[in-house]
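Secondary and tertiary structure notes
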Amino acid sequence: MAETTVGRGALRDGPNGKISRSSKGHCMKFWWLYVLLFLIIATVVVLPCVILVAVPRMAQQKLDEATLTIDSISVTNAQTNSLNMAINSTITTDGSTHATVDGFEATMYLADPPLAFAKINFPEMTSDAHQTVNISQDISILDQDAFTTFSEHLIQHESVNVLVEGNTNIHVRGISRAYGVIFSKTVPLQGLNGFKGLSVTNPHVSLALFDNFNATAHIPNPSSLTLDVGNTTFNTYLNGNEAGTSYILNLVLHPGTNDFFIWADINNTVILNALTKHPTCERNGTLTFELSGKNVTDLGQPIPYFAKSLAASNVSVDIPIGQAVKNDIGFSLGCTG
């Protein structure tokens with residue numbers, strides 16, 4: 001029985017062969033229509049995927065890659081439950097994406113672990129390569145403990161990390177749709193480092209029971225923070241014993257070294273014993289005092305978060321008080337036994 005071999009590309013006889021020839025002719029005649037249909041289907045399927053998936057991911061990625069730098073912070077008008085905070089900052093991007101970010105409310109956290117202490121309002125921003133973002137607003141202190149912890153870390157530590165986070169929308173140029181994104185940046189802030197380097201010069205004393213000591217206090221502020229603390233009262237210790245109370249009016253700490261008039265109600269007996277008894281009498285009249293925050297007020301209002309922050313640890317300072325006793329009272333005191 002003879003076999004019939006159908007080679008590749010050959011057309012079968014019969015009805016099927018006629019259909020194949022017809023289909024081939026139809027495709028050759030209307031190929032452009034199939035291409036158009038393919039493009040339409042691709043547009044309907046692919047474009048929404050790009051708009052709904054790829055663009056939002058790219059927008060979030062570009063926002064994540066942006067850098068937030070806090071250039072300075074100014075805290076003023078401190079009240080018991082509020083204050084004014086002005087933040088000068090810079091946002092840096094690669095400038096490759098043209099987009100606008102809506103203004104939004106951000107929460108500020110003390111990082112590691114996150115502890116929310118304030119909310120601030122960011123203005124509308126663009127994706128320019130270099131953009132200045134300045135904020136100034138009154139902030140309500142809703143959680144005294146959290147804000148006190150933040151203030152304590154800022155005053156007592158060399159640096160702190162602050163997380164700034166909030167939900168917003170981004171608008172990519174050429175696309176009418178807005179995309180939800182998360183603004184999340186952790187920035188380091190240089191702290192006041194526990195006032196290390198504090199010094200007191202030009203001391204004066206008297207034999208009065210009160211207001212019997214004054215001098216010039218030089219308080220360093222290595223940070224970019226301006227802190228309007230208020231009228232500040234310090235517990236004052238000598239050799240671990242209470243020696244009196246010290247005062248500074250209108251304590252405003254600017255970046256750099258700040259000079260203030262400081263005065264105190266000092267227990268003269270404690271000072272006399274220290275200047276004449278071993279081992280403290282062996283330092284040629286120089287005594288080491290310790291200061292710890294006691295009270296802070298501004299315009300008659302208590303400022304508890306600053307008071308507690310200043311009380312978190314003692315700061316030591318050497319004062320040549322023996323020389324002041326000699327100059328102001330005429331006594332030369334030294335070790336007596």
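Residues numbered from 1 in each chain as written. Predicted model: local features only at pLDDT ≥ 70, side-chain atom pairs only at ≥ 80, totals over all residues. Heavy atoms only, no water.

As for helix α4 (residues 268–276)
We apply this condition: For each residue, the accessible area found with a 1.4 Å probe, counting protein chains only, is set against the maximum for its type, and the residue is called buried under 20%, exposed over 50%, and partly exposed in between. Numbered from the N terminus, helices here are DSSP runs of H or I no shorter than four residues, and strands are runs of E no shorter than two. Throughout this description, a polar contact denotes any pair of N or O atoms lying within 3.5 Å of each other; where both atoms belong to protein, one of them has to be capable of donating a hydrogen while the other can accept it, and for residues adjacent in sequence the pair is counted only when both atoms sit in side chains.
Those residues of α4 lying buried are Val270, Ile271, Ala274, Leu275 and Thr276. With a side-chain oxygen lying 3.0 Å from the backbone nitrogen of Thr269, the N-terminal cap of α4 falls on Asn267.

Comments concerning the pairing of strand β7 (residues 130–140)
Stated precisely, the cut-off is as follows: For two strands to be treated as a pair, DSSP must find at least two bridges joining them.
On β7, burial follows the alternation: Gln131, Val133, Ile135, Gln137 and Ile139 on one face are buried, whereas His130, Thr132, Asn134, Ser136, Asp138 and Ser140 on the facing-out side are not. When strand β2 (residues 82–92) meets β7, the two strands line up antiparallel, connected through 11 bridges. Bridging from a neighbouring strand, Asn84 pairs with Asp138 of β7.

Focus on unusual backbone geometry
Peptide bonds are mostly trans, and most non-glycine residues show a negative phi. Along the chain, His278 connects to Pro279 via a cis peptide bond; the corresponding omega equals 0°. At Phe195, a residue that is not glycine, the phi angle is positive and equals roughly 60°. Along the chain, Phe195 turns up in the loop between β9 (178–190) and β10 (199–205). The exposure class of Phe195 is buried, given its relative accessible area of 11%. Positioned with a positive phi, Asn284 is a non-glycine residue whose angle comes to about 55°.

Quick word on the confidence of the model for the protein
Our working rule: Confidence of the prediction at every residue is given by pLDDT, a number between 0 and 100. We call two residues in contact when some of their heavy atoms are within 4.5 Å.
Predicted confidence across the protein gives a mean pLDDT of 86, with 83% of residues reaching 70 or more. Within the model, the stretch residues 1–14 combines pLDDT values under 50 with 3 contacts to residues more than four positions away or in other chains. Confidence over residues 45–53 falls short of pLDDT 50; this stretch has 10 contacts with residues more than four positions distant or in other chains.

Some thoughts on the environment of Phe147
By the secondary structure assignment, Phe147 is in helix α3 (residues 144–156). Under the relative-accessibility criterion, Phe147 is labelled buried at 2%. Residues Phe147 and Ser309, 162 residues apart in the sequence, show an inter-C-alpha distance of 9.7 Å. Not counting the four nearest positions on each side in its chain, Phe147 is found in contact with Leu83, Phe117, Ile141 and Tyr305.

Structural notes on the side chain of Asn258
By secondary structure assignment, the location of Asn258 is in strand β14 (residues 256–266). Owing to a relative accessible area of 6%, Asn258 belongs among the buried residues under this scheme. For Asn258, the side chain forms a polar contact with the main-chain oxygen of His254, separated by 2.8 Å. In terms of polar contacts, Asn258 uses its side chain to reach the backbone carbonyl oxygen of Gly256, at 3.2 Å.

Some remarks on the pattern of salt bridges
Under the convention used in this document: Take a side-chain nitrogen of Lys or Arg and a carboxyl oxygen of Asp or Glu: if they are within 4 Å of each other, that pair is a salt bridge.
Summed over the entire model, instances satisfying the criterion amount to 2 salt bridges. As a salt-bridge pair, Asp94 and Lys62 come within 3.0 Å of each other at their nearest N and O atoms. Remark: Lys62 occurs in helix α2 (residues 31–65) and Asp94 occurs in the loop between β2 and β3 (99–101); sequence separation between them is 32 residues. Here Asp318 makes a salt bridge to Arg283, at a shortest N to O gap of 3.3 Å. With Asp318 in strand β17 (residues 315–319) and Arg283 in the loop between α4 and β15 (287–298), this residue pair connects regions lying 35 residues apart in the sequence. Residue classification places Arg283 among the partly exposed positions, given a relative accessible area of 35%.

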